[in-house]
Amino acid sequence: MVSLNKNKFFGALVRVEEAIISCMKWSIILGMAGMVLVVFLQITSRYIFSFSLGWSEEVARLLFICIVFLGAAILARREQHLTVTIFTEMLQGRLQHVAAVLASLVGLICSYYLMRGGYATLIREWDQRTPSLQFPMGVVFGIILISVTLMMIWLFVVMIKHTRQAIIGDES
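Keep in mind the model is a prediction, meaning the values are calculated, not measured.

Novice: How should I be thinking about the overall build of the protein chain in this particular structure?
Specialist: Along its length, the protein chain carries four helices and zero strands. Mapped from its N terminus to its C terminus, the protein chain presents α and β elements in the order α-α-α-α. Taking 16 Å as the expected radius of gyration for a compact globule of 172 residues, we find that the protein chain reaches 20 Å, considerably beyond that expectation. Summarising its shape, the C-alpha atoms of the protein chain cover approximately 65 × 40 × 30 Å along the three principal directions. Taken over 172 residues, the protein chain has a buried fraction of 32%. The contacts of the protein chain with a sequence gap of at least 6 include a subset with a gap of at least 24, amounting to 73%. When the accessible surface of the protein chain is totalled, it reaches about 11,600 Å², and 72% of it is carbon and sulfur. When the 14 positive and 10 negative side-chain charges of the protein chain are each reduced to one mean point, those points stand 5 Å apart.

Novice: Looking at this structure, how should I read the packing of aromatic side chains?
Specialist: Each aromatic ring pair is specified by the distance between its two centres and by the angle formed by the two planes. The full count for this structure, using the stated rule, is two aromatic pairs. Taking 5.2 Å as the distance between ring centres and 75° as the angle between the ring planes, the aromatic pair formed by Tyr 112 and Tyr 113 counts as edge-to-face.

Novice: Just checking my understanding: could you explain the side chain of Ser 147 for this structure?
Specialist: Note that Ser 147 resides in helix H4 (residues 137–168). A polar side-chain atom of Ser 147 sits 2.9 Å from the main-chain carbonyl oxygen of Ile 143. Discounting chain neighbours no more than four positions away, the residues touching Ser 147 are Phe 69, Leu 70 and Ala 73.

Novice: Where do I start with the nonpolar core in this structure?
Specialist: As a rule of thumb, nonpolar side chains are buried together in soluble globular proteins. Met 24, Ala 73, Met 151 and Trp 154 are the most contacted members of the largest nonpolar core, which has 19 residues in total. Elements supplying a minimum of two residues to this core: helix H1 (2–47), helix H2 (56–77), helix H3 (93–125) and H4.

Novice: I'm lost on the pattern of salt bridges in this one. Help?
Specialist: Side chains bearing opposite charge may pair, as long as their charged atoms lie close to each other. The full count for this structure, using the stated rule, is four salt bridges. Between Lys 161 and Glu 79 there is a salt bridge, and its shortest N-O distance comes to 2.6 Å. Of this pair, Lys 161 sits in helix H4 while Glu 79 sits in the loop between H2 and H3, placing them 82 residues apart in sequence. Overall, Lys 161 belongs to the partly exposed group, its relative accessible area being 35%. Taking the relative accessible area as the measure of exposure, Glu 79 reaches 37% and is therefore partly exposed.

Novice: Would you mind showing me how to read the environment of Phe 135 here?
Specialist: Inspection of the secondary structure assignment puts Phe 135 in the loop between H3 and H4. For Phe 135, a relative accessible area of 33% gives the class partly exposed. Put simply, Phe 135 and Leu 62 are 73 residues apart on the chain and 9.9 Å apart in space, counted from C-alpha to C-alpha. Setting aside residues up to four positions removed in sequence, Phe 135 forms contacts with Leu 62, Gln 128, Arg 129, Thr 130 and Val 140.

Basis of the calculations
Residues numbered from 1 in each chain as written. Predicted model: local features only at pLDDT ≥ 70, side-chain atom pairs only at ≥ 80, totals over all residues. Heavy atoms only, no water. Helix = DSSP H or I, 4+ residues; strand = E, 2+ residues; numbered from the N terminus. Rg over C-alpha atoms; globule rule 2.2 N^0.38 Å. Buried < 20%, exposed > 50% of the residue type's maximum accessible area, 1.4 Å probe, protein only. Contact = heavy atoms within 4.5 Å. Areas by Shrake-Rupley, 256 points an atom, 1.4 Å probe, with all protein chains shown as cover. Lys, Arg positive; Asp, Glu negative; His and termini not counted. Charge placed at Lys NZ, Arg CZ, Asp CG, Glu CD. Phe/Tyr/Trp six-rings, centres within 6.5 Å; stacked < 30°, edge-to-face > 60°. Polar contact = N/O pair within 3.5 Å; in protein donor to acceptor, adjacent residues only side chain to side chain. Core = buried A, V, L, I, M, F, W, Y, C linked by side-chain atoms within 4.5 Å. Salt bridge = Lys/Arg side-chain N within 4 Å of Asp/Glu carboxyl O.

Pasting the structure below:
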């Protein structure tokens, strides 16, 4: 009976995680499409109509920031985040998992400080508005904070997975 409840719990967690990742992926796709469209409109208006859109650079920059942080969180979960793998790929078996644990730990430490700074910035700059659009910067800082928090959670999950594999030698 305990095993059945445990499986239901973990199954629910997996479904929630998949829903979050799916939402983040679609946000990235829509953000990229929006960024391409805005840059295209700016280039077209500037070179064909000799008229510059004052807000286009701001929109493209904000979309780019959101895309980068959302993508970084997803890559952390997939263990595809930017890492130096030249040494870890030379290792075999448990040593490779130990190196992955250490890499995740370093990522966790860096993400922790990024999250602290992101939270302080969110609180300090919540009411700040962008110059052209008067868009609240708190929304952008909130997306950054949520992304970094998810990155920390997923780096922790990856670290636990590799710790387990290093201890018991499980390759699953």
